[in-house]
Amino acid sequence: MNITLTSILRRVLPLKGFCYRWARWEEFSQGVIEIGIEARKGAQARCRCCQKPAPVYDTRNQPRRWRFISVWAIAVFLVYRPRRVECARC
């Protein structure tokens, strides 16, 4: 059986509305693990202020990195290209 970091994350820590796409070891500075995530197809985007569903008008070109739970004292980052929404309320 071939077990990868992304398959472990899918089982242990599923992200609602998102899926893990890839994981890689980056050797800049002391070495970190980067994990790419994407929105699931059909998952509705939400406004970051009011958390209500809103239509998507764009996806950011440059991916952003968020610090995630460290694994064996190795820094882990989630890499994601956020969707931009047009919220009628906010």
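Up top is the structure.
The residue numbering used here restarts from 1 in each chain and proceeds along that chain's sequence as written. Given that this is a predicted model, residues contribute local features only at a pLDDT of at least 70 and side-chain atom pairs are listed and counted only at 80 or more, while totals for whole chains, interfaces and linings are drawn from all residues. Side-chain measures were taken over the full set of non-hydrogen atoms in the model, leaving aside hydrogen atoms and water.

**Student:** Please explain the environment of Leu-78 as it appears in this structure.
**Tutor:** Strands are runs of DSSP state E lasting at least two residues, helices are runs of H or I lasting at least four, and both sets are numbered from the N terminus onward. By secondary structure assignment, the location of Leu-78 is in strand 5 (residues 75-80). Taking C-alpha positions, Leu-78 is 13 Å from Gln-62, a pair spaced 16 residues apart along the chain. It only takes one pair of heavy atoms within 4.5 Å for two residues to be counted as in contact. Those residues within four positions of Leu-78 in sequence are excluded, and the remaining contacts are Leu-15, Tyr-20, Ile-35, Ile-37, Arg-64, Arg-65, Trp-66 and Phe-68.

**Student:** Help me understand the layout of surface pockets in this model?
**Tutor:** The gaps left among the atoms become clear once a water-sized probe is rolled over them. Cavities and pockets were defined on a 1 Å grid built from protein atoms only: a cavity is a group of points that admits a 1.4 Å probe but offers it no way out, a pocket is an open group of points flanked by protein on both sides within 12 Å along at least five of seven lines, and a lining residue is one with an atom within 4 Å of any such point. Grid points are joined across faces, edges and corners, and a volume is the space filled by probe spheres set on the points. A volume near 710 Å³ is recorded for the largest pocket. The set of elements that each furnish at least two residues to the lining of the largest pocket consists of strand 5 and strand 6 (83-85). Looking at the lining of the largest pocket, the element that brings in the most residues is strand 6, giving three residues. Residue composition of the lining of the largest pocket, by class: 13 nonpolar, three polar and six charged. Nonpolar residues are Ala, Val, Leu, Ile, Met, Phe, Trp, Tyr, Cys and Pro. Charged residues are Asp, Glu, Lys and Arg, and all others, Gly as well, are polar.

**Student:** Just checking my understanding: could you explain the pairing of strand 5 for this structure?
**Tutor:** Residues in a regular strand project their side chains so that they alternate between the two faces of the sheet. The rule is simple: take the accessible area with a 1.4 Å probe, protein chains only, and divide by the maximum for that residue type; under 20% is buried, over 50% is exposed, in between is partly exposed. Burial runs high along strand 5: six of the six residues are buried. Here strand 5 shows no split at all, with Ala-75, Phe-77 and Val-79 on one side and Val-76, Leu-78 and Tyr-80 on the other all buried. As judged from the five bridges shared by strand 2 (residues 32-39) and strand 5, these two strands associate in the parallel manner. Note that in strand 5 the partner of Gly-36 across the bridge is Val-79. In this structure, strand 4 (residues 64-67) lies alongside strand 5, joined through four bridges in antiparallel fashion. The residue of strand 5 that forms the bridge with Arg-65 is Val-79. Think of it this way: DSSP has to see at least two bridges between two strands before they count as a pair.

**Student:** Hey, could you run me through the packing of aromatic side chains in this one?
**Tutor:** Aromatic ring pairs are reported here in terms of the distance separating the ring centres and the angle at which the planes meet. Aromatic pairs are defined between Phe, Tyr and Trp rings, using the six-membered ring for Trp, whenever the two ring centres lie within 6.5 Å; interplanar angles under 30 degrees are classed as stacked, those over 60 as edge-to-face, and all others as tilted. Taken as a whole, this structure holds two aromatic pairs when the rule is applied. Summarising the aromatic geometry, the rings of Phe-18 and Tyr-80 are spaced 5.3 Å apart at their centres and angled 90° between planes, so their arrangement reads as edge-to-face. With Phe-18 in strand 1 (residues 18-26) and Tyr-80 in strand 5, the pair connects residues that are 62 residues apart, well separated along the chain. Residue classification places Tyr-80 among the buried positions, given a relative accessible area of 11%. Site record: aromatic cluster; members linked through ring pairs are Phe-18, Trp-66 and Tyr-80. Only lysine NZ and arginine CZ atoms are considered, and such an atom sits over a ring when it is within 6 Å of the ring centre and within 35 degrees of the ring normal. A cation over an aromatic ring shows up here: Arg-65 above the ring of Phe-77, its NZ or CZ 4.0 Å from the ring centre.

Remember, this is a structural readout, not a statement about activity or role.
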